[in-house]
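Report on the structure
Residues per chain are reported as follows:
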Amino acid sequence: MILDAKIPEGPIEEKWDAWLDAHRMIGPGNRPGRRVIVVGTGLAGASASASLAALGYRVDAFCFQDSARRAHSIAAQGGINAAKDYASEGDSIRRLFVDTIKGGDFRAREANVWRLAQLSANIIDQAVAQGVPFNREYSGELATRSFGGVLVQRTFYARGQTGQQLLLGAYSALQAQVAAGRAHVHNRHEMLDVVIVDGRARGIIARNLVTGEIERHVADAVVLASGGYSNVFYLSTNAMGSNVTATWKAHKRGALFANPCFTQIHPTCIPQTGEYQSKLTLMSESLRNDGRVWVPRDPNETRDPNDIPEEDRYYFLEERYPSFGNLVPRDIASRAVKAVCDEGLGVGPVKRGVYLDFRDAIARQGREAIAARYGNLFDMYRRITAVDPYHEPMQIYPAPHYTMGGLWVDYELQTTIPGLFAIGEANFSDHGANRLGASAMMQCLADGYFIVPRTVTNYMATLDGSVSPDEPAFAQTEREVVERIERLMGIGGRTAPQVFHRQLGQIMLDKCGMSRNAEGLQEAMREIAAVREAFWSDLFIDGRADELNPSLEYAGRLADFLELAELMCLDALRREESCGGHFREEHQTEDGEALRDDEHFAKVTAWAHTEDGRPVPHDEPLVFNEVALATRSYK
Amino acid sequence: MRFTLEVWTQASRDEEGHFERYDVDGIDPDASFLEMLDELNARLAAEGKRTIAFDSDCREGICGMCSLTIDGQPHGPNQVTTCQTFMRDFEDGATIRVEPFRSGAFPVVRDLVTDRSALDRIVQAGGYVTTKTGPKPDPNAAPVPPAVQQKVMDAAACIGCGACVAACPNGAAMLFTGAKVTHFNLLPQGQPERASRARSLVLAMDAEGFGGCTNYGECARVCPQEIPLDVIGMLNREYRRGARREDDTVGTRT
Amino acid sequence: MREFWSSSIGKKIAVGISGAILVAYLVLHMVGNLNALYGAGDGDARVDDYAHWLREFGEPLLPHAFVLWVVRVVLLCALVVHVTGIVQLRRRAAAARGPHKAKPIGRSLASRTMVVTGVLVLAFVVFHILQFTTLTIDVTPLREGAVYANLYWAFQKWYFVLIYVLGVCAIAFHLRHGIWSAAQTLGYVRPNRDRAIRSAATWGSIVIAAGFLSIPVCFWTGVLGAPA
Ligand SMILES: Cc1cc2nc3c(=O)[nH]c(=O)nc-3n(C[C@H](O)[C@H](O)[C@H](O)COP(=O)(O)OP(=O)(O)OC[C@H]3O[C@@H](n4cnc5c(N)ncnc54)[C@H](O)[C@@H]3O)c2cc1C
Ligand code: HEM
Ligand code: FES
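These figures come from a predicted structure and were not determined experimentally.

**With respect to unusual backbone geometry**
- Of note, the bond from Glu 59 of chain C into Pro 60 of chain C is cis; its omega dihedral lies within 30 degrees of zero at 5 degrees.
- Mapped onto the fold, Pro 60 of chain C is located in the loop between helix 3 (46-56) and helix 4 (66-97).
- Phi at Phe 106 of chain A takes a positive value of approximately 60 degrees, unusual for a residue other than glycine.
- The topology assignment puts Phe 106 of chain A in the loop between helix 3 (93-103) and helix 4 (110-130).
- One non-glycine residue, Asp 111 of chain B, lies in positive phi territory at about 45 degrees.
- Mapped onto the elements of the fold, Asp 111 of chain B is located in the loop between strand 6 (108-110) and strand 7 (113-114).

Given below as structure tokens:
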């Protein structure tokens, strides 16, 4: 298959405008007759739903939570980037573009990233117009700060609740459309399959999670905004319910899945303390602006951290990366933390942790200033660990956090199934092999507010006629969904889903996590297959399928993770290079830095599902005209 | 640690509920309350028994999904969300009563899971700035003074969990609604709809069957985001202002 | 207006305003009553003059006792609004809450007992009117216009003193939450005024209670002597 990204001709600065000028439109009178399904109400889904409905289309939005506002975007803390140059540092669209391409280790598509940088400023304007209370300076003007691996202050934030405030902006815009009768939010609904009629996505099958009813929903276009799949690692910073089901089902119906092995392990999370733990909590990356990361030089150190003198502290990020120091990008920081812990220098009960210390910052700037900046993060840390970070350094360790991989989409954010779009974290698009801090939300909102409403319009303008839910394809897909639920319910084993999930997570973390090698990946694939087999023969689900049944929901999501995990390993195995979050031990420099192979792997790998279960890779070559391919260096 | 739990069990909205007793032991003091329930569920599942349904998602105190009443107090003893409540805060061997959020407007869906969509419907009535996606003025054209910004953020921090409603002897949603009105009515962007917003929201709040406020203040005592009671004063003020200005568009939106 | 009354906040505002009117009256009433503290005088107690003056107020421009009746009508209306509003709000709240009652977390005793103290106040007010205004409860010799004497004889009986102490305490308790609550309902409470309003409510109710109670107590303890 030739992957056509449909990138418009012309200079990069003009591509999007050229596309907009040429795209097909639908008259206002015809819009109410057009229906769009949006799966997901996170930043991407809510912004898309609100914008599409405001255009006049009928929108059906779905989320599995009890309210659209609870999508996991709500948890984003740190901020959102925009090339507005409010800090007067000479920031520009091009700089944001270059940073994102470089940060992604040259594995993202230039045209998409340019458009992202171009739209970034509009997002802030849009959000402020909705009443999003970004932090402001004393003058009343918007405040910005620098964030994770960039040298300019282009990150807008709302205390430590940027995601929440942005999501509430999008959510409330969506609620306005619900009130106007154009949008309908189906909460506590889970999409379990996409329905393809004559090669086009024409609807979904969803399960009403309260009644267990299986429902058919018809549309002219389907937009997936279902978030990322970090939960394949069991413990991650994602919410308990975050899952891959929507995109995985689309994949199995023909949508290609791109770069599944590109996952981001976030350096600053609270370390795991026990088996019982159900999730890992992120401490915002912004903490690295003032906190210093260190471990004791002596692996047998027993002193209290505050009693360890300067010369016995190993500030490994500052020593290894003098120019960026504690602010190196996430993948680099995470690997460095893992490396020192592997050397036995880690701290904490299981020696998988490093200190993030605010002693110097507090001494220099005063407790007040630090509290003003990070007060709620410090409170959160103390609440969870019962340790007061004003007096004792925090302990942190990397945790799976974000997935750059996702459904392959073209410039129009359309998957390889016509009429099926993917936006937000669910697609693979703009972050290459590593996402920069504060760029995910930017991408979600650029996709949702500004891109997909146009491209869906462009797509629907070519459609004629609508389909009915009585179409055989709907009946067939519904039957398959029901059969699968029956199969899950009927296993009749003795083991709860969580047990398998824990096993899967351990395999993935060990062998397809921060560093990978061929042998481990092959082993992982065998082990995953074994867990999958055990799952399908020994799973226990209590309750019934026709009632609210959290165990059943969990099992269904896990079944998809068990398939995805194998594809991730396969993809990691095929990508014989190290880039961004993907670190292959076979490909590193002498001092342990990642070694990219641009000659063979400056490309996107998009996997096709096949009937015999053996995925087939398709490559989309990446061409870099604007930024010269170069080795990332944060030294 | 070990605990005896009395857990509300209810098959569905239309069925009667009752308390069921469970004993759990070997619980790590650093486990969260929900992780303790996970553990209990895992053990129940291992014995082939019915597990307990409860809501949670982010487990970091921001999504507002978790919603247990623990020993009569929404979210638990510490004025943080249930997911941020840890077992070290309870005495070893304690008997703990676990119920769903209680309020007429929050019908129980199953066990500890309730339907809080009434809060969404309040927002639909006008808890937003009406604006389409498109070109917008530069944000710095309408500066927001620090004092206003502070109040707005304090109110906007609401996570919509509904603990305020569950704590209120009157089943009122005033803290929630007040937070919305405070957030939008103080911002420059919220001014055009200012007069109608409070009225619309109060109409919706009443239509959902929430009770009236008698200023007990329980809502603010359980709010994990520490939304101040002041937002209710603000709601009252704004309602009074709005009620003076008859505005025909109010209410027709809902 | 209809929307206002049927909305929960509107109704509550009406309760607050009517309550405030009643409080305002209460303050005036208390200050007026303090005239009794001047004692019996020489056959013409000051409080008797005061009662007389109240009735003649505005004459001859206004008919006899006109202002008094206006006040009475206003008070009655306020009371009707207040009680009707409360009854309706409480029913609404009970329905909204559902069958599972809310555990007290930190609410004050005064706020929890508003209905109880309210009913006590109502009962007390009725009793009070029957005794000193309509002179119906004629246990002690009562005479129209002889306010001081009426008070004196009434408060020689320990059970009347007790009733007044309890009634006034109920009022004070009701107002301790009521004054602050009304301020909040009407939107006057702001963070920087909150403490001030709360202590005003507490001290206000104490002063009102002390003012009212000084009279029965002074009669009972003999500080105020028999009428001339
Ligand atoms: C702790 C944390 C902190 C972060 N901080 C930042 C930050 O500071 N800056 C930044 O830019 N990014 C940050 N990110 C990343 C960013 O928040 C996410 O990438 C982004 O919010 C994803 O948004 P989304 O709309 O794609 O998906 P989500 O917000 O995850 O939404 C997914 C939606 O899909 C629905 N859904 C999923 N599957 C189904 C299904 N099968 N059927 C029906 N509905 C379904 C869900 O109900 C939900 O509504 C952070 C992420 C985390 C986890
Ligand atoms: C006659 C019988 C009375 C009853 C049954 C009664 C009952 C109540 C109740 C239940 C409340 C609670 C309001 C709330 O929901 O917080 C209340 C409030 C109040 N009452 Fe009364 N009351 C009575 C008489 C009075 C009197 C005589 C006064 C004045 C002296 C008064 C003044 C107030 C005030 C100021 C409030 C506060 C209103 C608010 O919160 O907005 N009440 N009353
Ligand atoms: S689970 Fe999200 S707030 Fe508790």
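**Overview of the interface of chain B and chain A**
- Taken together, the 71 residues of chain B in the interface contact 75 residues of chain A.
- Summed over both sides, the interface of chain B with chain A buries roughly 5,700 Å², with 52% coming from carbon and sulfur.
- Here chain B and chain A share five salt bridges between them.
- Linking Arg 159 of chain A and Asp 154 of chain B is a salt bridge whose minimum nitrogen-to-oxygen distance equals 3.0 Å.
- There are 38 residue pairs in polar contact (both at pLDDT 80 or more) connecting chain B and chain A.
- Broken down by secondary-structure element, the contributors of at least two residues to the side of chain B that touches chain A are helix 1 (33-46), strand 6, strand 7, helix 2 (117-124), helix 3 (146-156) and helix 5 (174-186) of chain B.

**Comments concerning the packing of helix 11 (residues 472-490) of chain A against helix 14 (residues 550-574) of chain A**
Residue and element names in this part refer to chain A.
- Running from amino to carboxyl end, helix 11 crosses helix 14 at an angle of 105 degrees, the nearest separation of the two axes being 10 Å. Viewed along their axes, helix 11 and helix 14 adopt a mutual orientation that is roughly perpendicular. Judged by residue contacts, Arg 484, Ile 485, Leu 488 and Met 489 of helix 11 engage Leu 552, Ala 555, Gly 556, Ala 559, Asp 560 and Glu 563 from helix 14.
- Of the residues belonging to the contact of helix 11 with helix 14, the class tally is six nonpolar, one polar and three charged.

**With respect to the coordination of the iron atom of ligand 2**
Residues and elements named next belong to chain C.
- Within the protein, the iron atom of ligand 2 binds to His 82 (NE2) and His 174 (NE2); these donor distances fall in the range 2.1 Å.
- Here the iron atom of ligand 2 is ringed by six donor atoms whose angles at the metal span 82 to 179 degrees, and the overall shape comes out octahedral. A residue pair is termed long-range when its members are at least 10 positions apart, and His 82 in helix 4 and His 174 in helix 8 (residues 158-185) qualify at 92 residues.

**Quick notes on the environment of Leu 445 of chain A**
Residues and elements named next belong to chain A.
- As for its placement among the helices and strands, Leu 445 is situated in helix 10 (residues 440-460).
- When its relative accessible area of 1% is taken as the criterion, Leu 445 is described as buried.
- Separated by 334 residues in the primary sequence, Leu 445 and Ala 111 have C-alpha atoms spaced 17 Å apart.
- With sequence-adjacent residues up to four places away left out, Leu 445 is seen in contact with Leu 43, Ser 47, Ile 80, Ile 123, Leu 166 and Phe 450.

**A word on the arrangement of the chains**
- The interface with the highest contact count, out of two pairs of chains in contact, is the one between chains A and B.
- There is no contact between chain A and chain C; across them, the least C-alpha separation is 21 Å.

**Comments concerning the environment of Val 181 of chain B**
- Inspection of the secondary structure assignment puts Val 181 of chain B in helix 5.
- If we skip the residues at most four places from it in the chain, Val 181 of chain B touches Leu 186, Ala 198, Leu 201, Leu 235 and Glu 238 of chain B.

**Examining the sheet that holds strand 17 (residues 420-422) of chain A**
Residue and element names in this part refer to chain A.
- Taking strand neighbours across the sheet as the criterion, the five strands line up as 5-2-1-9-17 in an open arrangement whose pairing is parallel. Whereas interior strands pair on both sides, the edge strands pair on one side only; in this sheet they are strand 5 (183-186) and strand 17. For this sheet the average axis-to-axis angle between neighbouring strands, irrespective of direction, equals 20 degrees.
- Docked against the sheet, helix 10 engages strand 1 (35-39), strand 9 (221-224) and strand 17, running at close to 155 degrees with respect to strand 9.

**Thoughts on the site of ligand 2**
- Taken together, 25 residues surround ligand 2, and among them Thr 214 of chain B together with His 82, Gly 118, His 174 and Ser 181 of chain C come closest.
- The environment around ligand 2 is built from residues contributed by chains B and C.
- Measuring from an oxygen atom of ligand 2, one finds a side-chain N or O atom of Lys 12 of chain C at 3.1 Å.
- Between ligand 2 and His 174 of chain C, the relevant distance is 2.6 Å, taken from a nitrogen atom to a side-chain nitrogen or oxygen of the residue.
- Listing elements by their share of the shell around ligand 2, those giving two or more residues are helix 2 (8-33), helix 4, helix 6 (114-133) and helix 8 of chain C.
- Here the shell around ligand 2 is built from residues that sort into 13 nonpolar, ten polar and two charged.

**Structural notes on the domain arrangement of chain A**
Residues and elements named next belong to chain A.
- On domain assignment, one finds that chain A holds domain 1 (266-400) and domain 2 (472-605).
- For domain 1 and domain 2, the distance between their C-alpha centres works out to 30 Å.
- Each side of the interface is counted separately: domain 1 has ten residues, and domain 2 has ten residues.
- Across the domain 1 to domain 2 interface the summed buried area is about 830 Å²; carbon plus sulfur atoms make up 52%.
- By the criterion of area lost to domain 2, the three top residues of domain 1 are Glu 275, Arg 335 and Lys 338, representing 53% of everything that side buries.
- Run the count over domain 1 and domain 2 and you get two salt bridges.
- Taken together, the elements giving at least two residues each to the side of domain 1 that touches domain 2 come down to helix 8 (330-342) and strand 15 (394-403).
- Broken down by element, the residue count for the side of domain 1 that touches domain 2 peaks at four residues, all from helix 8.
- For the side of domain 1 that touches domain 2, the residue count by class is four nonpolar, one polar and five charged.

**Thoughts on the sheet that holds strand 6 (residues 189-197) of chain A**
Residues and elements named next belong to chain A.
- Spatially, three strands are ordered 6-7-8 in an open sheet, and the strand pairing comes out antiparallel. Both edges of this open sheet fall to strand 6 and strand 8 (214-218), since each of them pairs with a single strand only. Taken over all neighbouring pairs, the strand axes of this sheet differ in orientation by 30 degrees on average, direction set aside.
- Where strand 7 (residues 200-208) meets strand 8, five bridges bridge the pair, whose relative direction is antiparallel. Residue pairing in the sheet places Gly 203 in a bridge with Val 218 of strand 8.

**Concerning the interface of chain C and chain B**
- Taken together, the 37 residues of chain C in the interface contact 43 residues of chain B.
- Summed over both sides, the interface of chain C with chain B buries roughly 3,200 Å², with 51% coming from carbon and sulfur.
- Ranking the residues of chain C by area buried against chain B places Ile 9, Arg 97 and Ile 105 of chain C at the top, with a combined share of 20%.
- Our enumeration of links across chain C and chain B arrives at three salt bridges.
- Between Arg 199 of chain B and Glu 3 of chain C there is a salt bridge whose closest N-O contact spans 2.7 Å.
- Summed over the shared surface of chain C and chain B, the result is 26 residue pairs in polar contact (both at pLDDT 80 or more).
- Contributing elements (two or more residues each) for the side of chain C that touches chain B: helix 1 (2-6), helix 2, helix 4, helix 5 (109-112), helix 8 and helix 9 (191-221) of chain C.
- Here the element with the most residues in the side of chain C that touches chain B is helix 4 of chain C; it accounts for six residues.
- Grouping the amino acids of the side of chain C that touches chain B by side-chain chemistry returns 14 nonpolar, 13 polar and ten charged.

Definitions and limits used
Residues numbered from 1 in each chain as written. Chains lettered and ligands numbered in written order. Predicted model: local features only at pLDDT ≥ 70, side-chain atom pairs only at ≥ 80, totals over all residues. Heavy atoms only, no water. Helix = DSSP H or I, 4+ residues; strand = E, 2+ residues; numbered from the N terminus. Contact = heavy atoms within 4.5 Å. Buried area = accessible area lost by both parts, 1.4 Å probe. Salt bridge = Lys/Arg side-chain N within 4 Å of Asp/Glu carboxyl O. Polar contact = N/O pair within 3.5 Å; in protein donor to acceptor, adjacent residues only side chain to side chain. Axes fitted to C-alpha atoms, helices over the stretch in contact; angles between N-to-C directions. Parallel < 35°, antiparallel > 145°, perpendicular 65-115°, else oblique. Nonpolar A, V, L, I, M, F, W, Y, C, P; charged D, E, K, R; others polar. Donors = N, O, S within 2.8 Å, 3.2 Å for Na, K, Ca; no water. Tetrahedral: all angles 85-135°; square planar, octahedral: opposite > 155°, others 65-115°. Buried < 20%, exposed > 50% of the residue type's maximum accessible area, 1.4 Å probe, protein only. Pairing = 2+ DSSP bridges. Near = heavy atom within 4 Å. Domains from an automatic or database assignment.

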